[in-house]
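Next come the chains, spelled out residue by residue.
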Amino acid sequence: MPDERRGKFNNSDRYYRRILKRYVIKESTNRDKLEQEIEKNIKAAEQKSTSQIDRLLSKIANHDKSLDELQKNISATKIFATDLQTFWDVKGLNPRSKKKKNEIPVSQQPLEVTCIDEKTVAVTHNAQPHHIEIVNIENKKITNKIKTSKPCYGITINNGRLVYYEWGSGIQTVDVTDGSIVTTVVKIDGDDYWNYVTRSRDKMYLTNHHSSTVTCYTVTGQKVWKY
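Residues numbered from 1 in each chain as written. Predicted model: local features only at pLDDT ≥ 70, side-chain atom pairs only at ≥ 80, totals over all residues. Heavy atoms only, no water.

Please set out the pairing of strand E1 (residues 110-115) residue by residue, giving values where relevant.
One ladder, built from five bridges, connects E1 with strand E2 (residues 120-125); its direction is antiparallel. In the sheet register, Pro-110 faces E2, and the bridge partner there is His-125. The turn joining E1 and E2, which pair antiparallel and follow one another in sequence, is formed by four residues. (Pairing = 2+ DSSP bridges. Helix = DSSP H or I, 4+ residues; strand = E, 2+ residues; numbered from the N terminus.)

Rendered as structure tokens:
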């Protein structure tokens, strides 16, 4: 083969080898990038799945804790119901009964009572004029009447404020000493009555007579769960 043709073949061979080498390097680089992208996506998916599983487990744990707390509150409510009946009998908070030694006169149709301190209780009524009575159980006198718009049922206390269920309004709060500023914590429309509210630590629990449910709220009114 003439030297001229041999030189052309050698140059052509080197040229195609360079092209092939560039192609191999490019494909290798693309493959590496693709593998890195796939690995990145897999790690992101794993982290997302792990985070979702952790949140789910946390919710399950909180739900179990809430159920345990609910069971404790149901037991406490049963005990409270018995104690409440005893309280009415011992303190004589009954407007229809004859006067006894320990009787404390209150307005008609008292429904619920909560202890403010060792000397004072608050009593709800569902007869007009609608109000909550503050009663001194030592001197057996009504010291204050807090006006309400409608009949009231369940009542409890939280940091110096009465928390009560008002028919057609929902869960209301009012200062024990002032009584002039009423705040709606949980708005509940409709004709639900015979609903009761109690408090445990930083939670409130509202029973619904019609739906036979218990709803848990924070003391600021955020719904936590319904059972």
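Tell me about the side chain of Lys-203, and name the residues and values.
Tracing the sequence through the fold places Lys-203 in strand E10 (residues 203-208). Here Asp-202 takes part through its side chain, which lies 3.3 Å from a polar atom of the side chain of Lys-203. The residues touching Lys-203, leaving out its near neighbours within four places in the chain, are Glu-69, Thr-198, Cys-216, Tyr-217, Thr-218, Val-219 and Val-224. (Polar contact = N/O pair within 3.5 Å; in protein donor to acceptor, adjacent residues only side chain to side chain. Contact = heavy atoms within 4.5 Å.)

Tell me about unusual backbone geometry, and name the residues and values.
Omega for the bond connecting Gln-128 with Pro-129 falls within 30 degrees of zero, at -5 degrees, which places this linkage in the cis form. Tracing the sequence through the fold places Pro-129 in the loop between E2 and strand E3 (131-136). Backbone geometry places Gln-109, a non-glycine residue, at a positive phi of 55 degrees. Relative to the helices and strands, Gln-109 resides in the loop between helix H1 (3-91) and E1.

Pulling in residues and values, what's your account of the pairing of E10?
Side-chain positions along a regular strand alternate between the two faces of the sheet. The buried fraction of E10 amounts to five of the six residues, a majority that puts the element mostly inside the structure. Where strand E9 (residues 196-200) meets E10, five bridges bridge the pair, whose relative direction is antiparallel. By the bridge assignment, Arg-199 is partnered in E10 with Met-204. Taken together, E9 and the strand that follows it, E10, pair antiparallel across an intervening segment of two residues, in which Arg-201 is found at a positive phi of about 55 degrees. Bridge analysis of E10 against strand E11 (residues 213-218) gives six bridges, and the strand direction is antiparallel. Pairing of Met-204 across the sheet is with Tyr-217, part of E11. Where E10 folds back on E11, the antiparallel hairpin that results is connected by four residues, among which Ser-212 adopts a positive phi of roughly 55 degrees. (Buried < 20%, exposed > 50% of the residue type's maximum accessible area, 1.4 Å probe, protein only.)

Describe the sheet that holds strand E5 (residues 152-158), with residues and values.
Strand order in the open sheet made by the four strands is E5-E6-E7-E8, with antiparallel pairing throughout. Edge strands, defined here as strands with exactly one partner in the open sheet, are E5 and strand E8 (182-187). The average angle at which neighbouring strand axes cross in this sheet is 25 degrees, direction not considered. As paired strands, strand E6 (residues 161-166) and strand E7 (residues 170-175) are joined by six bridges and run antiparallel to one another. Considered in E7, the bridge of Arg-161 is made with Asp-175. (Axes fitted to C-alpha atoms, helices over the stretch in contact; angles between N-to-C directions.)

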